[in-house]
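Working through the structure, step by step
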Amino acid sequence: MNYSILRASCASPELSVADCEGNAEKIISLVRKAVSCGVQLMVFPELCITGYTCSDLFLQQKLTDGAVKALETICQKTKDTDILFAVGLPIVLKGARYNAAAFIQKGKVLALIPKTYIPTYSEFYEKRWFTPADGSEEETVTLSETLANIPFGKDILLCDGKNPLVSIGAEICEDLWVPLSPSTQTSLSGATVIANLSASNEVVGKAAYRRLLVGAHSAKTLSAYLYADAGHDESSTDMIFSSHNIIAQNGSIKAESKPFAKETFITADLDLEALMQDRLRTTTFADCAKNNQQKIRRVEFSLAASPFEDKKEKLLGTVQKHPFVPEGQTERSERCLAVIEMQAEGLAKRLRHIHCQSAVIGLSGGLDSTLALLVTARAFDKCGIDRTNILCVTMPCFGTTDRTYTNACSLAKETEATLKEVDIKAAVLQHFKDIGHEESIHDVTYENSQARERTQILMDLANKTNGLVIGTGDLSELALGWCTYNGDHMSMYGVNASIPKTLVRHLVAWFADEAQESGRKKLSLVLKDILDTPVSPELLPPQGGTISQKTEELVGPYELHDFFLYYVLRWGFSPRKIFFLARNAFTQEEYSSAVILTWLHTFYKRFFSQQFKRSCMPDGAKVGTVSLSPRGDWRMPSDASASLWLKEVEELKKEEGLC
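Scope of this entry: the structure provided in the associated data block. (Residues numbered from 1 in each chain as written. Predicted model: local features only at pLDDT ≥ 70, side-chain atom pairs only at ≥ 80, totals over all residues. Heavy atoms only, no water.)

Before going further, it helps to spend a moment on the packing of aromatic side chains. Tallied over the full model, the rule gives 26 aromatic pairs. Their ring planes at 80° and their centres at 5.2 Å tell us that Phe586 and Tyr591 sit as a pair that is edge-to-face. We note that Phe586, like Tyr591, is buried. Ring pairing ties together the aromatic residues Phe324, Phe563, Tyr566, Tyr567, Trp571, Phe573, Phe586 and Tyr591, which thus form one cluster. In this structure, Lys206 packs its charged tip against the face of Trp177, placed 5.3 Å from the ring centre. Arg614 extends its terminal NZ or CZ atom over the ring of Phe607, reaching a point 4.3 Å from the ring centre. (Phe/Tyr/Trp six-rings, centres within 6.5 Å; stacked < 30°, edge-to-face > 60°. Buried < 20%, exposed > 50% of the residue type's maximum accessible area, 1.4 Å probe, protein only. Lys NZ or Arg CZ within 6 Å of the ring centre and 35° of its normal.)

Written out as structure tokens, the structure is:
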């Protein structure tokens, strides 16, 4: 299974109630369709061979016999396929009738899993026809001459003998809705995928609740959840069914058919490695698993070949280019406000705790220091402190341009902060003289001397004003080590410490929009010009009055580095998988494979070599899913080797013909 990604599908077939033979043909047709789409696992609704709404016809032996015969037909006509699929049917065993799910592959029924909880309320009164499974049933059953010795029971997991990540459990409709669902125990026993064969009737408001239930349950069990729902061809004598199929993964809805939609066949790619990473990180999941007393039988099978063996195959859906930034405008705006509130509240707590009434910020006219000032102003408002107690310090030197200088001055004015200018050229030149460095040599010493001089001034001004130095560096810079040790790397509280560069831009844009809406047009204009300014530390002399040192030309595009960072830290993925995801997220026109691999190499090299800076980074609250604080999210030896990761990047280059 390439990249540990499983392609799964749910479908509601057209059917005629009680027409087992005709329903079997519809099921077979959809299986063929799924095979052509590269699907490896497919789930059909509850009792789909007969129809869920047969009522007292379930008491007729002719119907149950017809269901078994239809199951034989389905097996016979799909024996040339590798896809694993589950269908629902009634089966009679030793005087009891069960509502069961049959898992089929290569013309063989691998397992029969019965429904555990049988509803007896309102429009559902299944106990009139079906017996709930209680675990005391026979372990293997025979339905006919060709359907013999089939593993039977609610304690079964279907496991790929070659890939431990593929472990499939099943439950049927009501089993999900009860307080302690069978899949809760099954997931604790190792199931990564839960198939639910369902027939949930539609009433006002139920679709929203069903969506919430499936999503939340997949999050609670850290699993992929496939919910296949009965369709509109069921009897409408007393109920309506809507084919509301849902595929979820760890709380996220990956695919969904709208109720009553014409197309009921849905497909999604499920990342089982991501699920397992979350299980390994969530140690309480393992704690619960230790207390799980469920007996499990494992039925082995071989999963169908991955569609990604063909390197041209793309993931279904989209891989977000900017995983830290929501794509929708409304959701993005809500996220920005939430992040800004958390940043401001974190700083406000620190200010209140130490009874601090002032703050010092190095204001460059760039994005990071702009965001830091805007957040600090919000924190001061929360604490009821006058904004004039925010001391913004602009420190022009060799690389400062008129544009950034003017924007810094205007920004301080429009936020009602106090502005102080300290020209550090003379001090840096004196420092060059003290250490014997030639001004004409524009090396790392030339750059870092300026960064450290600026930090010294900020720290001393903070002492003088009894204030805090507010750090401006962001998460992306910390990941790459793009900061001067004991220079801009250091502060007394880092408000941007867990904000990636791609999100910084949207946060500043949010403030610009807010200023525009509230009538502060001058502030909005300044912020928009800052957004249009290239990212630069401005440590080298400008060329023709414009910025000569552009960060992304030196370390690479931040949108790529933030993409890499997310999948390295949040999911622990390998370079190979991250490269695969990047090629799905970005077009060749945006970034070629060669460009992606070049900067992926840079990312790993810098990420490992610059850990020493992160090991002593200042306090700063975590506001997103990823942080590099050594006190919380990321603890790493400063002298760890990157060779394993860099070697895989080099292997990828060779495979792509780039070496």
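Residue alternation in strand E19 (residues 468-471) divides its side chains into two sets, Leu468 and Ile470 and Val469 and Gly471, and both sets are buried. Pairing analysis gives two bridges linking strand E16 (residues 359-362) to E19, with the strands arranged parallel. Its bridge partner lying in E19, Ala359 is registered against Leu468. Here E19 runs beside strand E20 (residues 493-494); their pairing, made up of two bridges, is parallel. The partner of Gly471 across the bridge, within E20, is Gly494. (Helix = DSSP H or I, 4+ residues; strand = E, 2+ residues; numbered from the N terminus. Pairing = 2+ DSSP bridges.)

The strand order across the open sheet formed by five strands is E18-E17-E16-E19-E20, and the pairing between neighbours is parallel. For this open sheet the edge positions go to strand E18 (418-421) and E20, each flanked by a neighbour on one side alone. Helix-sheet contacts for helix H12 (residues 444-465) involve E16, strand E17 (390-394), E18 and E19, and the interaxial angle to E16 is about 160°. (Contact = heavy atoms within 4.5 Å. Axes fitted to C-alpha atoms, helices over the stretch in contact; angles between N-to-C directions.)

Glancing now at helix H9 (residues 367-383). With 17 residues, H9 should cover 24 Å at 1.5 Å per step; its first-to-last C-alpha distance of 25 Å lies within 8% of that length. A positive backbone phi angle near 70° is found at Gly384, which sits one or two residues after H9. (Expected span 1.5 Å × (residues − 1).)

Moving on, we come to the pattern of salt bridges. The tally for this structure, following the rule as stated, stands at 37 salt bridges. Here Lys653 and Glu650 are joined by a salt bridge, their closest N and O atoms 3.4 Å apart. Residue Lys653 and its partner Glu650 are located together in helix H21 (residues 643-655), separated by three residues, close to a single helical turn. (Salt bridge = Lys/Arg side-chain N within 4 Å of Asp/Glu carboxyl O.)

Examined against the element boundaries, Thr472 turns out to sit in the loop between E19 and helix H13 (475-480). Dropping the residues within four chain positions of it, Thr472 is found in contact with Ile361, Gly362, Asp368, Ser369, Ala372 and Asn496.

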